[in-house]
Amino acid sequence: MLKPKNYSNLISRQIAITNTNQLSNLTQTLLNLLKRCTSVKSLQQIHTQMLINSIQKPNYFLPKIINLKNFTYASLFFSQIPNPNDYSFNIMIRGLTTTWKNYPLAIQFYYQMRSLCVKPDNFTFPFVFISCGNLCALHHGQIAHCTVFMLGLVSDSHVSHSLITMYAKCGQLGYAYKVFDEILERDLVSWNSIISGYSKMGFGQEAVRLFMEMREDGFEPDEMSLVSVLGACGDLGDLMLGRWIEGFVSERNVELNSYIGSALIGMYCKCGDLLSARRVFDAMAKKDIVTWNAMITGYAQNGASNEAIILFNVMREAGINPDKITLVGVLSACASIGALDVGKWVETYASQRGFEKDVYVASALVDMFAKCGNLDNALKVFENMPHKNEVSWNAMISALAFHGRAQEALSLFRRMLTDSTAQPNDITFIGVLSACVHAGLVNEGRQFFDSMKSSFGLVPKIEHFSCMVDLLARTGLLYEAWDFIEKMPGKPDEIILGSLLGACQKYKNVDISERVIKLLLLMEPSNSGNYIISSKIYANSKRWEDSANMRVLMRQRGVTKIPGCSWVEFGAQVHEFHAGDMLHHDSVEIYQLLNDEMKRLGYTPKVG
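Parameters and conventions
- Residues numbered from 1 in each chain as written.
- Predicted model: local features only at pLDDT ≥ 70, side-chain atom pairs only at ≥ 80, totals over all residues.
- Heavy atoms only, no water.
- Helix = DSSP H or I, 4+ residues; strand = E, 2+ residues; numbered from the N terminus.
- Rg over C-alpha atoms; globule rule 2.2 N^0.38 Å.
- Buried < 20%, exposed > 50% of the residue type's maximum accessible area, 1.4 Å probe, protein only.
- Contact = heavy atoms within 4.5 Å.
- Areas by Shrake-Rupley, 256 points an atom, 1.4 Å probe, with all protein chains shown as cover.
- Lys, Arg positive; Asp, Glu negative; His and termini not counted.
- Charge placed at Lys NZ, Arg CZ, Asp CG, Glu CD.
- Arc of directions from axis to C-beta.
- Axes fitted to C-alpha atoms, helices over the stretch in contact; angles between N-to-C directions.
- Parallel < 35°, antiparallel > 145°, perpendicular 65-115°, else oblique.
- Left-handed = near helix turned anticlockwise from the far one by under 90°.
- Salt bridge = Lys/Arg side-chain N within 4 Å of Asp/Glu carboxyl O.
- Patch = residues over 30% accessible without salt bridge, like charges linked within 9 Å, V, L, I, M, F, W, Y side chains within 5 Å.

S.K.: Where do I start with the overall build of the protein chain in this structure?
M.R.: Helices and strands together make up the secondary structure of the protein chain, namely 33 helices and two strands. Since a compact globule built from 608 residues should have a radius of gyration of about 25 Å, the 32 Å found for the protein chain marks it as more spread out than a globular shape. A principal-axis box enclosing the C-alpha atoms of the protein chain has dimensions of 115 × 55 × 55 Å. Here the protein chain, with 608 residues, has 45% of them falling under the buried criterion. Within the protein chain, contacts between residues separated by at least 24 positions form 59% of all contacts whose residues are at least 6 apart in sequence. Surface exposure of the protein chain reaches about 32000 Å², of which carbon and sulfur atoms provide 54%. On the protein chain, the mean spot of the 57 positive side-chain charges and the mean spot of the 57 negative ones are 6 Å from each other.

Right under this line is the structure:
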């Protein structure tokens, strides 16, 4: 039998039982103490008295152990129940699902329940389906669904809602909708379940359509409805509906809590409206870590890296401890503008909190160090990762390719192929093809491009075509590069054409450049670079009139050259500078220092 330890004076003496009334009184006393119990130690003392006096109340005792989150104690206690009933099993399955999130063991307990011929009920299945959904264990979920039919529980609302969620999480939206469609009396939870399922699986258009149907059926959206449809609005870039929802929240005096507020911030950020996102953020009276993360990540993902880092520093000053999501967002911002000092602080913080072992934080560190020019540290973080996924491998392969270490990038790719936990995806091949571009490995590039579909079942995207055009163009194979563009399944974008135009300047190929510039001037008539490069190509071929005409066309269209921009990190702050910018109070000294340093290093400016 279970032998509790650490007895104390909470119950100071063994009570001698002489009659039924005394036993009944003692039982009631212990059960009252059990209700007020707040620690495992006290629980063990009560349990001791129950054992001594042969009081068997597992259905009272087990829920209390689970509420106190002691998994070892709960498992041991459950294992010593002689004939556990449906209530005991349900309590354990619920605890494993919601308290400990041990989904595999929750499913195992369900099968144990069936093997002992204990009949599951409508309290069992919702937690079984939650576990199956979180594990994407579709087969187990479908088996349990069959049992629901056999037991006649299909009309139970809790079972139906959890079934919809399970099928949605497993990517089976058709099955999810079928369950929803067969509900005779839908309530708000039914609608929320199906809308959330479509939204989270990236089917924003369907989620919005269902949201509109729900309102037509007379249901007033609640917090969950609004959060789900805001996620769909962000994915679709539907700013109009997103703003309508904010107005709805304001009109109904819905509390702008973390849940709604973060969803609004996320929606505005995905739609590129950072001013509205910041307005919502500033209007929130209480900001938790989720709210801060939404705004910091939104800044980072929209290229407002400096603002992300500034807000991160404000967050720390406010006493909010960053979590893993915060760190990934900030590291992304640091990578974009080369804020190495902030990145190093994040690495130290992550190490102190044990976050450096998280695969996403570590991958973001790899990316940050590589983009800040510190490839050795990137390699060190990568090799020290206890577990690597596709994101980790892709970050390191791309880092090596970006730094021109093509053979190491390709070697790492071959090493990735031996890792059973990660499979190459389309992002992997962008890194691999980029490595071929930097090293001029034309034949290898062709082989890798062809292997995407033949060996890995991947359909090349425009980024892969861009790499191939760049590879061919850089090695002077301009006509092959143009043929490659013409054979593409879709239209080339400005990145592909821009790289080919740059190669035409290098190899002085006017023929291909004229074909490219004709397309580019239609696609981006306000890009000054296209006019300037074309003018230089004509000038290099001594076609002075055509060169001058490009400059004239540029002026006629009101196109001006955008000044270059750079960032300098100093004292944990990032300063932004534009070419010719004299607004900084130390600009004269800065320019003088840069000129002196460039001359000392032997830099000779290239004019023209």
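Okay, back to it.
S.K.: Quick question: what am I supposed to make of helix H10 (residues 173-181) here?
M.R.: Among the residues making up H10, those that are buried are Leu 173, Ala 176, Val 179 and Phe 180. The arc that holds every buried residue of H10, seen down its axis, measures 120°, which confines them to one face. In the core, the buried residues of H10 are packed alongside helix H8 (138-151), helix H9 (157-169) and helix H11 (188-200).

S.K.: Honestly, unusual backbone geometry in this entry has me stumped. Any pointers?
M.R.: Leave glycine aside and you will find that most residues have negative phi; peptide bonds, for their part, are mostly trans. Although it is not a glycine, Lys 69 adopts a positive phi angle of roughly 60°. Mapped onto the fold, Lys 69 is located in the loop between helix H3 (58-67) and helix H4 (71-79). Not every positive phi belongs to a glycine, and Lys 101 is a case in point at roughly 50°. In this fold, Lys 101 is placed in the loop between helix H5 (86-99) and helix H6 (103-115).

S.K.: Help me out: how do you make sense of the packing of helix H28 (residues 478-486) against helix H29 (residues 494-507) in this one?
M.R.: To describe two helices that pack against each other, one gives the angle between their axes and the distance between the axes. With their axes 11 Å apart at the nearest point, H28 and H29 run at an angle of 165° to one another. Considering the angle they form, H28 stands roughly antiparallel to H29. Read as a crossing pair, H28 and H29 show a hand that is left-handed. Residues Leu 478, Ala 481, Trp 482 and Ile 485 of H28 form the contact with H29, whose own contacting residues are Ile 496, Leu 497, Leu 500, Ala 503, Cys 504 and Tyr 507.

S.K.: Hey, could you run me through the pattern of salt bridges in this one?
M.R.: Oppositely charged side chains may form a pair once their charged atoms are brought near each other. Within the structure shown, the criterion is met by 20 salt bridges. Two residues, Lys 324 and Asp 358, come together in a salt bridge whose shortest N-O distance is 3.6 Å. Here Asp 358 lies in the loop between helix H20 (340-353) and helix H21 (359-371) and Lys 324 lies in helix H19 (residues 324-337), a separation of 34 residues in the sequence. You can call Asp 358 buried: its relative accessible area is 19%. Residues joined by salt bridges that share partners form a network here, namely Glu 206, Arg 209 and Glu 213.

S.K.: Sorry, what's going on with a nonpolar patch on the surface here?
M.R.: Taken together, the side chains of Val 328, Tyr 360 and Val 391 define a hydrophobic patch exposed on the protein surface, amounting to about 250 Å² of accessible area. Among the structural elements, Val 328 can be located in helix H19. Residue classification places Val 328 among the partly exposed positions, given a relative accessible area of 30%.

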